[in-house]
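Working through the structure, step by step
So you can see what is in the structure, the chains are spelled out below.
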Amino acid sequence: MGNIKDLMGMIPGMGKAMKDVDISDDSFKGVESIINSMTPYERSNPDSITPSRRTRIAKGSGKDLTEVNAFMKQFEQMRQMMKMMNKMPMGLGGRFGPGKR
């Protein structure tokens, strides 16, 4: 699939922003280990992740509980932002991106 920088450059509006950014492929290994420590059910239903499940995920990924909690918080913030963007009018970043109708 290519490296992360090339992949992010394919997102509309990100090409110019990613020009001078250097992203290491290793920077996502921690996140990947957290996600791989989740069960398929937890991946498809993140709201089902209770504190005891977070502890199990932290142990399984070799990460601190605080890192798992931070990841879950970031995920929730991103989900809220995507919901807000989806509700925006078409020209302002709605379903089909800027200016597409």
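Keep in mind the model is a prediction, meaning the values are calculated, not measured.

So, about the nonpolar core. Counting 8 residues, the largest nonpolar core consists of Ile 34, Met 38, Ile 49, Ile 57, Ala 58, Val 68, Phe 71 and Met 72. For this core, the secondary-structure elements that each account for two or more residues are helix H4 (51-61) and helix H5 (65-87). For this core, the element with the highest residue contribution is H5, accounting for 3 residues. In contact with Ala 58, other than residues within four places in its own chain, are Lys 63, Asp 64, Leu 65 and Val 68.

Bringing the side chain of Ser 37 into the picture now. With respect to the helices and strands, Ser 37 occurs in the loop between helix H2 (29-36) and helix H3 (40-44). Residues contacting Ser 37, with those up to four places away along its chain left out, are Glu 42, Arg 56, Ile 57, Gly 60 and Ser 61.

On to H4. Here H4 has its buried residues at Ile 57, Ala 58 and Ser 61. Buried residues along H4 cover an arc of 100 degrees about the axis, so they all sit on one side. Set apart from the buried face of H4 by more than 90 degrees, the exposed residues are Ser 52, Lys 59 and Gly 60. Those residues of H4 that are buried are in contact with H2, H3 and H5.

On the surface, Met 78, Met 81, Met 82, Met 85 and Met 88 cluster together into a nonpolar patch covering about 430 Å² of accessible area. The residue Met 78 is located in helix H5 in this model. Taking relative accessible area as the criterion, Met 78 reaches 42% and is therefore assigned partly exposed.

This next bit is on the packing of H2 against H5. Put simply, H2 and H5 touch, their axes get as near as 11 Å, and they point 90 degrees apart. Considered as vectors, H2 and H5 are oriented roughly perpendicular to each other. Packed against H2, whose contacting residues are Val 31, Ile 34 and Ile 35, the element H5 presents Glu 67, Val 68 and Phe 71 at the interface. Across the contact of H2 with H5, the residue classes break down as 5 nonpolar, no polar and 1 charged.

The end-to-end C-alpha distance of H5, which contains 23 residues, comes to 34 Å, matching closely the 33 Å that a straight helix rising 1.5 Å per residue would cover. Residues Val 68, Phe 71 and Met 72 constitute the buried set of H5.

Okay, the packing of H4 against H5 next. Where H4 contacts H5, the axes come no closer than 8 Å and their chain directions differ by 115 degrees. Classified by the interaxial angle, the pair formed by H4 and H5 is roughly perpendicular. Crossing hand, H4 versus H5: right-handed. Here Arg 54, Thr 55, Ile 57 and Ala 58 of H4 lie close against H5, whose contacting residues are Leu 65, Val 68, Asn 69 and Met 72.

Calculation criteria
Residues numbered from 1 in each chain as written. Predicted model: local features only at pLDDT ≥ 70, side-chain atom pairs only at ≥ 80, totals over all residues. Heavy atoms only, no water. Core = buried A, V, L, I, M, F, W, Y, C linked by side-chain atoms within 4.5 Å. Buried < 20%, exposed > 50% of the residue type's maximum accessible area, 1.4 Å probe, protein only. Helix = DSSP H or I, 4+ residues; strand = E, 2+ residues; numbered from the N terminus. Contact = heavy atoms within 4.5 Å. Arc of directions from axis to C-beta. Patch = residues over 30% accessible without salt bridge, like charges linked within 9 Å, V, L, I, M, F, W, Y side chains within 5 Å. Areas by Shrake-Rupley, 256 points an atom, 1.4 Å probe, with all protein chains shown as cover. Salt bridge = Lys/Arg side-chain N within 4 Å of Asp/Glu carboxyl O. Axes fitted to C-alpha atoms, helices over the stretch in contact; angles between N-to-C directions. Parallel < 35°, antiparallel > 145°, perpendicular 65-115°, else oblique. Nonpolar A, V, L, I, M, F, W, Y, C, P; charged D, E, K, R; others polar. Expected span 1.5 Å × (residues − 1). Left-handed = near helix turned anticlockwise from the far one by under 90°.

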